[in-house]
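Coordinate inspection notes
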Amino acid sequence: SSSPLPLAGNRRSHGASPGSGVVVLLFSNGIDEALGATTQHGLADREGLLGGNAGLGLPVGVALVPLVGSLAALIALWGLIGFGFSLTQTPIGRIINRSAREADRGAVFAAQFALSHACWLVTYPLAGWVGASAGLGTAALTLAAVAALALAFGSACGKKDAPEVAKAPAAAKKESAPAPAGD
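The structure reproduced in this document is the subject of the present report. (Residues numbered from 1 in each chain as written. Predicted model: local features only at pLDDT ≥ 70, side-chain atom pairs only at ≥ 80, totals over all residues. Heavy atoms only, no water.)

1. Brief notes about the packing of helix H6 (residues 105-134) against helix H7 (residues 136-157)
What counts here: To get an axis, a line is fitted to the C-alpha atoms, and for a helix only the part in contact is used. The angle between two axes follows their N-to-C directions and goes from 0 to 180 degrees. A run of H or I in DSSP becomes a helix once it reaches four residues, and a run of E becomes a strand once it reaches two; helices and strands are each numbered from the N terminus. Less than a right angle of anticlockwise turn of the near helix away from the far helix marks a crossing as left-handed, whereas a clockwise turn marks it as right-handed. Pairs of residues are marked as contacts when any of their non-hydrogen atoms sit within 4.5 Å.
Across the interface, H6 lies against H7 with an axial gap of 7 Å and an inter-helix angle of 145°. Handedness of the H6/H7 crossing: right-handed. Contacts between H6 and H7 pair Thr123, Leu126, Ala127, Val130, Gly131 and Ala134 from the former with Leu136, Thr138, Ala139, Thr142, Leu143 and Val146 from the latter.

Below, the structure is given as structure tokens:
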């Protein structure tokens, strides 16, 4: 059986008009995603990916969704999930730029885009099917398990000794240029 999520039926008891809770949840998620993206300066890519996934949200945050008893708590949790999601997504461009030759980057970005959307193609119908057949709480726990498996797989496959990007490419090029004569 599923727990009574604020958006899963009894919206009016939380003071929300039909449909407004979803808008507020998406707003909270989006604001926190933007905050996560702008606060990553100085955070190593691997730390961002694994910390955002493991510590801030995806498996843990989604698993907590069935326990939420109010719209306000769900908004806060959804924001935390958005922040963690942003920490996992923002470093992707830097990792691809660092890992692929310039001539291959377009293909590597396209492959990453296709793989990420293939994952959405599987998880969206899975969420709907499990939610409709077993309840939204069970769907949240199922998706948390999928996220935990993805985290374990990514942790096992990721290079632990990959060099981190310490400076923007333009700054690195300026530093490697010879000093002007006469200084």
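2. As for the nonpolar core
Threshold: What makes a nonpolar core is a set of buried Ala, Val, Leu, Ile, Met, Phe, Trp, Tyr and Cys residues whose side-chain atoms join them at distances within 4.5 Å. Relative accessibility decides the category of a residue: with a 1.4 Å probe and only protein chains considered, values under 20% of the type maximum give buried, values over 50% give exposed, and everything between is partly exposed.
The biggest cluster of nonpolar side chains holds 11 residues, and these are Leu25, Leu58, Val62, Val65, Val68, Leu74, Leu77, Ile81, Ala140, Ala144 and Ala147. When contributions to this core are tallied by element, the ones reaching two or more residues are helix H3 (58-64), helix H4 (71-89) and H7.

3. Section: the environment of valine 62
By the element assignment, valine 62 lies in helix H3. Taking the relative accessible area as the measure of exposure, valine 62 reaches 17% and is therefore buried. Residues valine 62 and isoleucine 81, 19 residues apart in the sequence, show an inter-C-alpha distance of 7.4 Å.

4. Structural notes on H7
Stated formally: To estimate the expected span of a helix, subtract one from its residue number and multiply by 1.5 Å. It is the directions from the helix axis to the C-beta atoms whose arc is reported.
Taking 1.5 Å per residue as the helical rise, H7 with its 22 residues ought to reach 32 Å, and the 31 Å between its terminal C-alpha atoms agrees with that figure. For H7, the set of buried residues is Gly137, Ala139, Ala140, Ala144, Ala147 and Leu151. End-on, the buried residues of H7 take up no more than an arc of 155°, which puts them together on one face. In H7, those exposed residues whose orientation departs by more than 90 degrees from the buried face are Leu149, Phe153, Ala156 and Cys157.

5. Section: the side chain of asparagine 29
Tracing the chain through its elements places asparagine 29 in helix H1 (residues 20-38). The class of asparagine 29 is buried, set by a relative accessible area of 14%. With residues near it in sequence (within four places) discarded, asparagine 29 still touches Trp78, Gly79, Ile81 and Gly82.

6. Regarding a nonpolar patch on the surface
Using the following cut-off: Patches were defined on residues exceeding 30% relative accessible area and lacking a salt bridge, with like-charge contacts within 9 Å and nonpolar side-chain contacts (Val, Leu, Ile, Met, Phe, Trp, Tyr) within 5 Å. In short, Shrake-Rupley with a 1.4 Å probe defines the accessible areas, and a residue's cover is counted only from the protein chains shown. Salt bridges are counted wherever a side-chain nitrogen of Lys or Arg sits within 4 Å of a carboxyl oxygen of Asp or Glu.
A cluster of nonpolar side chains, contributed by Val60, Leu64 and Leu67, occupies part of the molecular surface with about 290 Å² of accessible area. Following the sequence through the fold, valine 60 ends up in helix H3. The class for valine 60 is partly exposed, based on a relative accessible area of 45%.

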